[in-house]
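Secondary and tertiary structure notes
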Amino acid sequence: MKTYPKSANLFERAKKMIPGGVNSPVRACRSVGTDPLFIDKALGSKLIDADGNEYIDYIGSWGPMILGHSHPSVISAIEQVLKRGTSFGAPVDLEVELAELVLEAVPAIDKVRMVSSGTEATMSAIRVARGVTGRNTIIKFDGCYHGHADSFLVSAGSGVATLGIAGSPGVPESVIAHTMSLPYNDMETFTSVMDKSGDSIAAVIVEAVAGNMGLVPPADGFLETLRIETSKHGTLLIFDEVMTGFRVSKGGAQGLYNIDPDMSCFGKIVGGGLPVGAYGGKEHIMSQVAPEGPIYQAGTLSGNPIAMAAGIATLKEIGKPGFYEALERTSARLAKGLQQAAVNTGTKAVLNRVGSMVGIFLTDQPVGSFDAAKTSDLEKFASYYRKMLDRRIYLAPSQFESLFVSAAHSDRDIDDTVAAAESVFSELSD
Ligand code: KE4
């Protein structure tokens, strides 16, 4: 097992002052039995840790780095704005420009509000939906993660699933009483719940492509069913596109599957790696948001000029001809190569992919739900993670996360990753 002395020293210091030594739980790598590496810098598809080791990065800051790290357009956009200052607490031209780029990419949105994280976006969208409908209950789906607002911490995916916490201490029962969590891709259960209670449901919020239980695509007809049933009952359909937005297509999952949600939430890519979230929707809904309407939501650093500049530069790059076609080709090569590596070594592994989001489950059954995802061999996944890290492949430290391919990943990166996986799988199968 390789050693990482500088990361180890930093981690010891961090643990004295920061809970678990990290500023977000999943980064602690607890479910894969290692200590986290501290990253010194990143360029393109590579990360370099505090000890100078270089890795091929498939986390991409958990989604934002679709261009690859330190893209010249993003860096120069940030440098240009820095000359003007860092934060004004007042409207700035860059907010208008990013809003225009979001509305152009996502036709279902008439108006958008910038915030500073995906959690702020989804939390605000739920409040708006409750305010507009006058209803309290929301529906989410098992294995989907929508950030850490109280209403969502019910059998969530991502860190909560990895930590095995169904909900979390500190979340009042009175709040959770208004959240129903149903099986993802289970159209029958959803339809029967809507038949019974639809008229009292404020909103259904969904990851149209689930990326927080590992990668689970929507079953045929699932998203259409959500749209039909919510329309029937005056329930708002909210697409949480924090991960899928500008990722699975320029128009996100709603563009890929041609669904017209009432509201959409964004994060990650929309800020190009800086703290930006956004929520938007139809005019009659968003006009209810303060100060235009009565539903309150605010933020000191919302629309921060530097963050806006990074988002604008990123959305301009992904808007260039051929961007997604090239990303699709690289992502398909990775998924195909990993699948072949599993076959060559007799490893039980299921590969799911939507665009440049890839999920590998160490199980022998199709994975179309959170329950199916949980049949994966978590112990084996932890070994796979550690051995891939030893081979300088930097994966998400949890079975319940997705891999992200960027425009910076080269054919050589993919070939090296597949070769590493085949070598790890054969070691694990011995
Ligand atoms: P943030 O508050 O972390 O910016 O966004 C919350 C969020 C909302 N919706 C979806 C679909 C998300 O995937 C996320 C955050 N994703 C996780 C990774 N699975 C962030 C990583 C972390 O928690 O450190």
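Secondary structure assignment for the protein yields 15 helices and 14 strands. Computed over the C-alpha atoms, the radius of gyration of the protein is 21 Å, within 12% of the 22 Å expected from 2.2 N^0.38 for a compact globule of 430 residues. With the C-alpha coordinates aligned to their principal axes, the bounding extent of the protein is approximately 60 × 55 × 45 Å. The burial tally for the protein puts 57% of its 430 residues in the buried class. Pairs at least 24 residues apart make up 72% of the contacts formed inside the protein by residues separated by at least 6 positions. When the accessible surface of the protein is totalled, it reaches about 17300 Å², and 54% of it is carbon and sulfur. The centroid of the 38 positive side-chain charges in the protein is displaced by 5 Å from the centroid of its 48 negative side-chain charges.

Once that is clear, we can look at the pairing of strand β5 (residues 137-141). Consecutive side chains of a regular strand alternate in pointing toward one face of the sheet and then the other. Most of β5 is tucked away: 5 of the 5 residues are buried. Neither face of β5 is left uncovered, since the one carrying Thr-137, Ile-139 and Phe-141 and the one carrying Ile-138 and Lys-140 both have all their residues buried. The sheet contact formed by β5 and strand β7 (residues 201-206) spans 3 bridges and is parallel. Following the sheet pairing, Ile-138 is matched in β7 by Ala-203. In the sheet, β5 pairs with strand β6 (residues 179-182) via 4 bridges, with the strands oriented parallel. Each residue of the ladder has a partner; that of Ile-138, found in β6, is Thr-179.

Let's shift gears to the packing of aromatic side chains. Under the definition given, this model contains 11 aromatic pairs. Look at Phe-141 and Phe-222: their rings are 5.4 Å apart centre to centre, the planes differ by 75°, and that puts the pair in the edge-to-face class. Highlighted residues: Phe-141 in strand β5 and Phe-222 in helix α8 (residues 222-233), separated in sequence by 81 residues. As far as burial versus exposure is concerned, Phe-141 and Phe-222 are alike and both buried. For the ring pair Tyr-384 and Phe-425, a centre distance of 5.6 Å and an interplane angle of 10° mean the geometry is stacked. Of this pair, Tyr-384 sits in helix α14 (residues 378-390) while Phe-425 sits in helix α15 (residues 411-429); the two residues are 41 residues apart in sequence, bridging distant segments of the chain. By the burial criterion, Tyr-384 is buried, and Phe-425 matches it.

The next thing to look at is the site of the ligand. The ligand sits among 17 residues. The nearest are Ser-24, Thr-119, Asn-212, Asp-240 and Glu-401. Gly-118 places a main-chain nitrogen or oxygen 2.9 Å from an oxygen atom of the ligand. Asn-212 is positioned with one of its side-chain polar atoms (N or O) 2.4 Å from a nitrogen atom of the ligand. Here the shell around the ligand is built from residues that sort into 5 nonpolar, 8 polar and 4 charged. Residues from two domains meet in the shell around the ligand; each of domain 1 (5-70 + 321-429) and domain 2 (72-318) gives at least three.

Turning our eyes to something else, we now look at the state of the cysteines. One pass over the full model with this rule turns up 0 disulfides. Counting only cysteine sulfurs, Cys-144 is the nearest neighbor of Cys-265, a cysteine outside any disulfide, at a range of 13 Å.

All right, on to helix α3 (residues 93-105) then. Across its 13 residues, α3 extends 19 Å between first and last C-alpha, which sits within 8% of the 18 Å expected from 1.5 Å per residue. Taken together, the buried positions of α3 are Leu-94, Leu-98, Ala-99, Leu-101, Val-102 and Ala-105. Buried residues of α3, viewed axially, fall in a sector of 160°; they line one side. Relative to its buried face, α3 has exposed residues pointing more than 90 degrees away, namely Glu-100 and Glu-104. On its buried face, α3 sits against α2 (72-82), β4 (111-115), β9 (263-266) and α11 (305-318).

The topology assignment puts Lys-380 in helix α14. Accessibility expressed as a relative area gives 23% for Lys-380, which makes it partly exposed. Sequence spacing of Lys-380 and Val-32 is 348 residues, and the spatial spacing of their C-alpha atoms is 9.3 Å.

Calculation notes
Residues numbered from 1 in each chain as written. Predicted model: local features only at pLDDT ≥ 70, side-chain atom pairs only at ≥ 80, totals over all residues. Heavy atoms only, no water. Helix = DSSP H or I, 4+ residues; strand = E, 2+ residues; numbered from the N terminus. Rg over C-alpha atoms; globule rule 2.2 N^0.38 Å. Buried < 20%, exposed > 50% of the residue type's maximum accessible area, 1.4 Å probe, protein only. Contact = heavy atoms within 4.5 Å. Areas by Shrake-Rupley, 256 points an atom, 1.4 Å probe, with all protein chains shown as cover. Lys, Arg positive; Asp, Glu negative; His and termini not counted. Charge placed at Lys NZ, Arg CZ, Asp CG, Glu CD. Pairing = 2+ DSSP bridges. Phe/Tyr/Trp six-rings, centres within 6.5 Å; stacked < 30°, edge-to-face > 60°. Near = heavy atom within 4 Å. Polar contact = N/O pair within 3.5 Å; in protein donor to acceptor, adjacent residues only side chain to side chain. Nonpolar A, V, L, I, M, F, W, Y, C, P; charged D, E, K, R; others polar. Domains from an automatic or database assignment. Disulfide = S-S within 2.5 Å. Expected span 1.5 Å × (residues − 1). Arc of directions from axis to C-beta.

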